[in-house]
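Breakdown of the fold
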Amino acid sequence: MDHGTRDELLGRLAAAVGGSTVTHPTRVAVDGPPAAGKTTLADELAAVLRARGRHVVRASVDDFLFPRAQRYPRGEYSAEGCYFDAHDHAALNRVLLDPLGPGGDRRIRHAVYDHTADAVLSPSVRTVPADAVLVFDGVFLMRPELVDRWDLRIFVSTALDRTVDRAVVRERRVSSRADVERRWRERYLPAQQLYFATVRPADHVDIIVHNDEPRRPAWEARAR
């Protein structure tokens, strides 16, 4: 395991992207629990890659949620619903991951859902170059429907209880502490435990980033 600064971590991740030998755009997954720091890490990695001259597509699994009326058939606090019912993986594969993969035409849509408006989106199709990089963050990215679509797999790890405290801070302007803690402890964290038990995501990734201390992270390469 390596330890270092945030910049050293980002340099290591950018080098891993640069080392990809695929002949189509490199699809990078940044997986991990909610509030682990996935989005921040993915944004920072995208900025580093752009500074090195790469064409970067930045997207998130939250851009592929089902509308609210469809994603709670088991109830708002159901862990099983969080894992099985929340995201439109078929659309994600169809409009983004498969077009960027082997034999794909590189004509993509980066989203099908507007989380703020709770509305279906149909953005215009765009074509990206063959050496583009997709940096995609989200939960449950090593699940069977998606695991084979990634060319580089990163998992952001942090203690699950710590994510609750981060979520309270992150959402304090829109939700009470009690509401955040209930959603985390009844829905999000049990859904992660289901994911860990059934998928074992750490067994499928290339790099694990230990993000308990974001400014002094640790990371390890994994042999798959």
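The model shown is predicted, which means the values in this text are computed figures rather than measured ones.

Brief notes about the sheet that holds strand β9 (residues 152-157)
On the basis of which strands lie adjacent, the open sheet formed by seven strands has the order β1-β11-β10-β9-β2-β8-β3 and mixed pairing. Strands at the two margins of the open sheet, each flanked by one partner only, are β1 (2-3) and β3 (56-60). Across the sheet, helix α2 (residues 38-51) touches β2 (26-31), β3, β8 (133-138), β9 and β10 (207-210), and the angle it forms with β3 is around 170°.

Some thoughts on the layout of surface pockets
Empty space left among the atoms is revealed by rolling a probe the size of a water molecule over them. Within this model, the largest pocket holds a volume of roughly 960 Å³. What lines the largest pocket is a set of 34 residues, and nearest its centre among them are Asp62, His115, Arg170, Glu171 and Tyr188. Going through the elements one at a time, α2, β8, α5 (160-170) and α6 (177-199) are the ones with two or more residues in the lining of the largest pocket. The class makeup of the residues in the lining of the largest pocket is 14 nonpolar, eight polar and 12 charged.

As for helix α1 (residues 6-18)
For the α-helix, the turn length of 3.6 residues means that residues three or four positions removed from each other point alike. Here α1 is 13 residues long and its end C-alpha atoms lie 18 Å apart, about the 18 Å a rise of 1.5 Å per residue gives. Buried within α1 are the following residues: Arg6, Leu9, Leu10, Leu13, Ala14, Ala16 and Val17. Along α1, the residues classed as buried sweep out an arc of 155° about the axis, all on the same side. Structural note: α1 exposes Asp7 and Gly18 on the side pointing more than 90 degrees away from its buried face. On the buried face of α1, the contacting elements are β2, α2, β8, β9, β10 and β11 (218-221).

Quick word on the pattern of salt bridges
Overall, the coordinates contain 13 salt bridges when judged by the stated rule. Here Arg200 and Asp203 are joined by a salt bridge, their closest N and O atoms 2.8 Å apart. Judged by its relative accessible area of 52%, Arg200 falls in the exposed class.

Some thoughts on the nonpolar core
By size, the foremost hydrophobic cluster in this structure holds 36 residues, and its most contacted members are Leu96, Leu134, Phe136, Leu141, Met142 and Trp150. It is helix α4 (residues 89-97) that provides the largest number of residues to this core, a total of five residues. Met142 has contacts with Ala29, Asp31, Val147, Trp150, Arg153, Tyr195, Val199, Pro201, His204 and Val205, leaving out every residue within four places of it along the chain. Among the nonpolar cores identified, the runner-up in size contains 23 residues, and Val30, Leu45, Val135 and Val209 belong to it.

Definitions and limits used
- Here the residue index of a chain counts from 1 through its sequence in written order.
- pLDDT decides what is reported in this predicted model: residues at 70 or higher carry local features, side-chain atom pairs at 80 or more are listed and counted, and totals for whole chains, interfaces and linings draw on all residues regardless.
- To get the side-chain values, all heavy atoms of the structure are used, and hydrogens and water are removed first.
- At least two DSSP bridges between two strands are needed for those strands to be called paired.
- For the purposes of this entry, the term helix denotes a DSSP run of H or I that reaches at least four residues, the term strand denotes a run of E that reaches at least two, and both are numbered from the N terminus.
- Working rule for contacts: check all heavy atoms of both residues, and any pair within 4.5 Å makes them a contact.
- Each axis is a line fitted through C-alpha atoms, taken for helices only over the stretch in contact, and angles between the N-to-C directions span 0 to 180 degrees.
- Buriedness of a pocket was judged along seven lines, with at least five required to meet protein on both sides within 12 Å; pockets are open sets of points on a 1 Å grid over the protein atoms alone, cavities are sets where a 1.4 Å probe fits but cannot get out, and lining residues have an atom within 4 Å of a point.
- Grid points are joined across faces, edges and corners, and a volume is the space filled by probe spheres set on the points.
- Classification used: nonpolar for Ala, Val, Leu, Ile, Met, Phe, Trp, Tyr, Cys and Pro, charged for Asp, Glu, Lys and Arg, polar for all others including Gly.
- The span one expects for a helix is its residue count, reduced by one, times 1.5 Å.
- Only protein chains enter the accessibility calculation, which uses a 1.4 Å probe; a residue is then buried when its area is under 20% of its type maximum, exposed when over 50%, and partly exposed in between.
- Note that the arc is defined by the directions from the helix axis to the C-beta atoms.
- Think of a salt bridge as a Lys or Arg side-chain nitrogen and an Asp or Glu carboxyl oxygen that are within 4 Å of each other.
- Among the buried residues, those of types Ala, Val, Leu, Ile, Met, Phe, Trp, Tyr and Cys that are joined through side-chain atoms within 4.5 Å form a nonpolar core.

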